[in-house]
Protein chains: 2
Amino acid sequence: MSRSEISRAARLLMRHTGLFKLGPECSSAAVVGTRSKFTHSKEGKVLHPDLLNAAVLKTQYAVRGELYLRAEELRKAGKEIIFTNVGNPHALGAKPMTFPRQVASLCIAPFLLERPDVETLFPKDAITRAKKILAAFKGGVGAYTDSRGNPLIREEVAKFFEERDGVPSNPDHVFLTDGASVAVRMCLNAVIRDENDGILVPIPQYPLYSASIQLYGGTLVPYYLDETKNWALSIDSLKKSVKDARAQGKHVRAMVFINPGNPTGQCLSEENLKELIKFAYDEQIVLMADEVYQENVYQDERPFISARKVMHAMGEPYRSSVELVSFHTVSKGAGGECGLRGGCMEMTNIHKGAIEEIYKCASINLSPNTMGQISISCLVNPPKPGDDSYEQYNKERTEELASLRRRAHMVTNAFNNLEGVTCNFTEGAMYSFPRIRLPPKAIEAAKKMGKAPDVLYCLRLLEATGISTVPGSGFGQEEGTFHLRTTILPREEVMNTFVSKFSDFHQKFIKEFS
Amino acid sequence: MSRSEISRAARLLMRHTGLFKLGPECSSAAVVGTRSKFTHSKEGKVLHPDLLNAAVLKTQYAVRGELYLRAEELRKAGKEIIFTNVGNPHALGAKPMTFPRQVASLCIAPFLLERPDVETLFPKDAITRAKKILAAFKGGVGAYTDSRGNPLIREEVAKFFEERDGVPSNPDHVFLTDGASVAVRMCLNAVIRDENDGILVPIPQYPLYSASIQLYGGTLVPYYLDETKNWALSIDSLKKSVKDARAQGKHVRAMVFINPGNPTGQCLSEENLKELIKFAYDEQIVLMADEVYQENVYQDERPFISARKVMHAMGEPYRSSVELVSFHTVSKGAGGECGLRGGCMEMTNIHKGAIEEIYKCASINLSPNTMGQISISCLVNPPKPGDDSYEQYNKERTEELASLRRRAHMVTNAFNNLEGVTCNFTEGAMYSFPRIRLPPKAIEAAKKMGKAPDVLYCLRLLEATGISTVPGSGFGQEEGTFHLRTTILPREEVMNTFVSKFSDFHQKFIKEFS
């Protein structure tokens, strides 16, 4: 068979059957017929970047991409870096909440519990909680738990979802994971069968989604949030995306939405969620509700309401049929315990057999980490009125959320005061996503350097000020618009410095390229 | 195009090019042309077990399979279960080592460090270590670290590898992970491009490997360990496996070996490792050295020696060219800290570009958990002579390893005393893998029930005694032989009960089916 005969037969087959797919080695014409035949490079390397899994190679992950790597270099060289590239509150000075840390330290050091003076060291409710957890963890925190997480903590999580939504939850439909990212990835890995399976993802989006969909070989089906309407989620835009994807032969199987939004910060209204659930029902699409910022809300018009609660309030046929996975985490909220890697998901209306398949895959890693599980326990079951720690816990939580609300205003106001910059108010989550109108000369200069214009802007910002951000191109943006994502996490006492450094840079940048 | 024309064209294409592969939906003839067209089941489910990723569906994971699920059911129903199905020492009563837990509790509760009486609560070296770690973790344990893990701890790991092997290691070639399983999976995901890529895996093997290779769409190329020679790894058998796989068009790209062996317990000699490294060099295969049981050695003829050390001692061309990834963990050894999920890998002679690709994939999950990282720090950099905790640390470690050595003898002796059972001595790791000669009637009975004969045996053992094991079929075994894996982890004080329960059951089982 000649090369051209092969190509023709392949095209025919694909057109007529949809059953064949090009191997990843065909992604570039230059390597057709060669790459897959090699097991090692000229230098003799098997693990050579040209010879790895094509899905790995094409995966992009912006949050820790070029900007982050350059920031790390500068940091090593002694430059002071303000890391606002990732929602990592403790790294910028947020303090951990006391109660969860007390419980955690007692659980990992049970010999403290045996001290006769333990009650002078720890409040009673932390001691009681640690004892309860240790009684439920056979072998303590050093033993593997069930691969879905410890049953006691899954019960606490189920109770949290029940109280939050007014609807019972089954602990066997709750998984605890090493951060919510792992839970998201488990679902995506199960639902994506091949590149014909499409997942609806908001644009701009959190790159976990684009990266994981690439890695698992599916297709990201974008739906655009409307920047002119405060990043609103429009059902018409969703329907158009599904229609377009289907016209291209894609099976749209799941939809991700992020509420409050990352990187956009918008909070969805109950009405909007209803439409979205109706849409999922009509189109038979699994809903993946990324609600990890549910505590982080900085306006009062649209308080957080979960998709799960809305769906149940809608009654039949929605409440019993829409497939919904809800994600939560200890990394965000007032606690911001990113490093402990505690995440969870709750599955509503998911087929028992599918849950079993996901359980099986979770089993390969044996067990989520126990300290993350314990931090989830403290998140979903915090001190209650009357408990020794209640007042302090509440104070710490309220103050941190109030401070974040102030900072949301400080950051977005500062952006809106800059020439050529507009920024929707950060209604929730931890980020601002300003639109930067770059001068044509800056765009030209970037092109000459082979960089996206917003990458150039962010790199220059980093070099000039030490402020580490992520260019909008990492999240997706409407063609011809440029953004960046920064967190609102610098502490209030340094926020003025942050703002003035940013403003100075911006003015100089615009001047230089005008 | 008719169905038969399509098939013919497909076969031709595959034969002539190797460039096309069947989509996973073609794995069963019954669903050709149908499954991929459905996005939801008759009941309207998207996440339906018939409609998930085919690689997820075909993945098998025995350690938490049918036996484990049944054991969980019995436990919930009130039966006392002895979980020897997984190497989980704390669950069976092993105590955590004190020093690492002291350091961990101070790191997660830094307010303890601020107490004026902290030195009455914790030894000085634990305090110093915690302060050093906290100084290196900007934001403490609640902040994400670099996606490869904290730089200080990666330096400590590199130093450990340097001292262990007499060869420097680069901290940038060290990754910290949520358990060693995650590290193994990162490598497999990068190296496997499609089903034509083969990974050499010992049989019997630890199911992490078979499951992950299935999930990533590669091909497991088995090489058989020789039970009659104490589970020896024979290079001739390896060469035969590679030859056979290549004859079937497979690219053999990597080789896993487990030393000390899991589930087989054998320890490799330096001579054997030399042959193995030469083999990897000759065949241009990446070596994946699963050395997580390096502390768990119960004989003195063949103390643990790392592949990394042997390879460097062999000189050129091996030391500068064989691609080697070495894995280690806090879950095993004397500490047995399974629940904290602290793992690491060291990459020797791996292409910089490949390391960057793996780094990028690690970034999608942002950061390994910090408490696992701290436990790795204590493992690789334990108290030194002269430190306050040295004596206690050493005593705890030595006693636990000595007790494990006694238990290795107790368990294997007990098996060898049973009629129709033979068991190689557990030279290392945490498992015994006895061969059970099942009566023909038992084999028949199992076939009637649609179960593997060793599954029947293990289920009956579980029901009768509460002892939870894993059937040999989950690890792979020579056709017609039957085994089971049990850990040697029941504490010495309950080992006699364990042994007598097992013996009673075995005798009754043999009698019943004779």
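Data block above holds the structure.
From a predicted model like this one, the values you see are computed outputs, not experimental measurements.

Participant: Lay out helix α8 (residues 180-191) of chain B in plain terms, naming residues and giving numbers.
Facilitator: Residue and element names in this part refer to chain B. With 12 residues, α8 extends 17 Å between its outermost C-alpha atoms, agreeing within 8% with the 16 Å of an ideal straight helix rising 1.5 Å per residue. Here α8 lies mainly inside the structure; 12 of its 12 residues are buried. Turning to α8, its buried residues number three or more, namely Ala180, Ser181, Val182, Ala183, Val184, Arg185, Met186, Cys187, Leu188, Asn189, Ala190 and Val191.

Participant: So what's going on with the sheet that holds strand β6 (residues 251-258) of chain A? Residues and values would help.
Facilitator: Backbone-to-backbone hydrogen bonds join strands into a sheet, with any given pair of strands oriented parallel or antiparallel. All names here are of chain A. A sheet is described by the order of its strands in space; here 7 strands give the open sequence β3-β9-β8-β7-β6-β4-β5, paired in mixed fashion. Looking along the sheet, the strands with just one partner apiece sit at the ends: β3 (174-177) and β5 (219-224). The sheet shows a mean angle of 20° between the axes of neighbouring strands, direction not considered. Helix-sheet contacts for helix α11 (residues 235-247) involve β4 (197-203), β5 and β6, and the interaxial angle to β5 is about 150°.

Participant: I'd like a description of unusual backbone geometry, backed by residues and values.
Facilitator: Following Asn259 of chain A, the chain continues to Pro260 of chain A via a peptide bond in cis, the omega torsion being -10°. Mapped onto the fold, Pro260 of chain A is located in the loop between β6 and α12 (270-283). Cis geometry marks the peptide bond from Glu316 of chain A to Pro317 of chain A, where omega comes out at 0°. Along the chain, Pro317 of chain A turns up in the loop between α13 (307-313) and α14 (318-321). Phi angles above zero are rare outside glycine, and Gln284 of chain A is one such case at about 50°. Here Gln284 of chain A lies in the loop between α12 and β7 (286-290). Phi is positive for Trp231 of chain B, close to 60°, though the residue is something other than glycine. Position of Trp231 of chain B relative to the elements: it lies in the loop between β5 (219-224) and α10 (235-247). Residue class for Trp231 of chain B comes out buried when judged on its relative accessible area of 4%.

Participant: Residues and numbers for the interface of chain B and chain A, please.
Facilitator: Tallying the contact residues gives 121 residues for chain B and 121 residues for chain A. Across the chain B/chain A interface, buried area totals approximately 10,600 Å², and carbon plus sulfur atoms make up 61% of it. Joining chain B to chain A, the criterion identifies 0 salt bridges. Run the count over chain B and chain A and you get 40 residue pairs in polar contact (both at pLDDT 80 or more). Each residue belonging to the side of chain B that touches chain A can be placed in one class, and the counts come to 57 nonpolar, 40 polar and 24 charged.

Participant: Talk me through the sheet that holds strand β15 (residues 484-487) of chain B; I want residue IDs and the actual numbers.
Facilitator: An order of β11-β15-β14 (chain B) is seen for the 3 strands of this open sheet, with the pairing classed as antiparallel. Of all the strands in the sheet, just β11 (431-432) and β14 (470-471) of chain B have a single pairing partner and so form its edges.

Participant: Describe the packing of helix α4 (residues 98-108) of chain B against helix α6 (residues 124-136) of chain B, listing the residues and the values that go with them.
Facilitator: All names here are of chain B. Running from N to C, α4 and α6 point in directions that differ by 50°, and their axes come no closer than 9 Å. Put simply, α4 runs oblique to α6. Here α4 and α6 pass one another in a crossing that is right-handed. Counted together, Phe99, Gln102, Val103, Leu106 and Cys107 of α4 and Asp125, Ala126, Ile127, Arg129, Ala130, Ile133 and Leu134 of α6 form the full contact between these two elements. Among the residues making up the contact of α4 with α6, the classes are represented as 9 nonpolar, 1 polar and 2 charged.

Participant: I'd like to hear about the side chain of Asn296 of chain B, residue by residue, with values.
Facilitator: All names here are of chain B. You can see Asn296 is positioned in the loop between β7 (286-290) and α12 (307-313). Judged by relative accessible area, Asn296 falls into the buried class, the value being 0%. Among the polar contacts made by the side chain of Asn296, one reaches the main-chain amide nitrogen of Gly333 at a distance of 2.8 Å. Beyond its immediate chain neighbours, meaning those up to four positions away, Asn296 contacts Pro260, Lys332, Gly333, Leu401, Leu404, Glu427, Gly428, Ala429 and Met430.

Participant: Give a description of the pairing of β3 of chain A that names residues and reports values.
Facilitator: All names here are of chain A. Every second residue of β3 is oriented toward a common face, with Val174 and Leu176 on one face and Phe175 and Thr177 on the other, all of them buried. With 4 bridges joining them, β3 and strand β9 (residues 343-348) adopt antiparallel strand pairing. Its bridge partner being in β9, Val174 is matched across the sheet by Glu346.

Participant: Tell me what's going on with the relation of the copies chain B and chain A, and back it up with residues and numbers.
Facilitator: With an RMSD of 0.0 Å, chain B superimposes on chain A once it is rotated by 180° and translated 0.0 Å along the axis. In short, the pair behaves as if placed about a two-fold rotation axis. Within chain B, Ser105 of chain B has its C-alpha nearest the rotation axis, a separation of 2.3 Å. Taken as a fraction of all interface residues of chain B, those also at the interface in chain A reach 100%, which identifies the copy contact as same-surface.

The rules behind these values
- Residues numbered from 1 in each chain as written.
- Chains lettered and ligands numbered in written order.
- Predicted model: local features only at pLDDT ≥ 70, side-chain atom pairs only at ≥ 80, totals over all residues.
- Heavy atoms only, no water.
- Helix = DSSP H or I, 4+ residues; strand = E, 2+ residues; numbered from the N terminus.
- Expected span 1.5 Å × (residues − 1).
- Buried < 20%, exposed > 50% of the residue type's maximum accessible area, 1.4 Å probe, protein only.
- Pairing = 2+ DSSP bridges.
- Axes fitted to C-alpha atoms, helices over the stretch in contact; angles between N-to-C directions.
- Contact = heavy atoms within 4.5 Å.
- Buried area = accessible area lost by both parts, 1.4 Å probe.
- Salt bridge = Lys/Arg side-chain N within 4 Å of Asp/Glu carboxyl O.
- Polar contact = N/O pair within 3.5 Å; in protein donor to acceptor, adjacent residues only side chain to side chain.
- Nonpolar A, V, L, I, M, F, W, Y, C, P; charged D, E, K, R; others polar.
- Parallel < 35°, antiparallel > 145°, perpendicular 65-115°, else oblique.
- Left-handed = near helix turned anticlockwise from the far one by under 90°.
- Least-squares fit on C-alpha atoms with pLDDT ≥ 70 in both.

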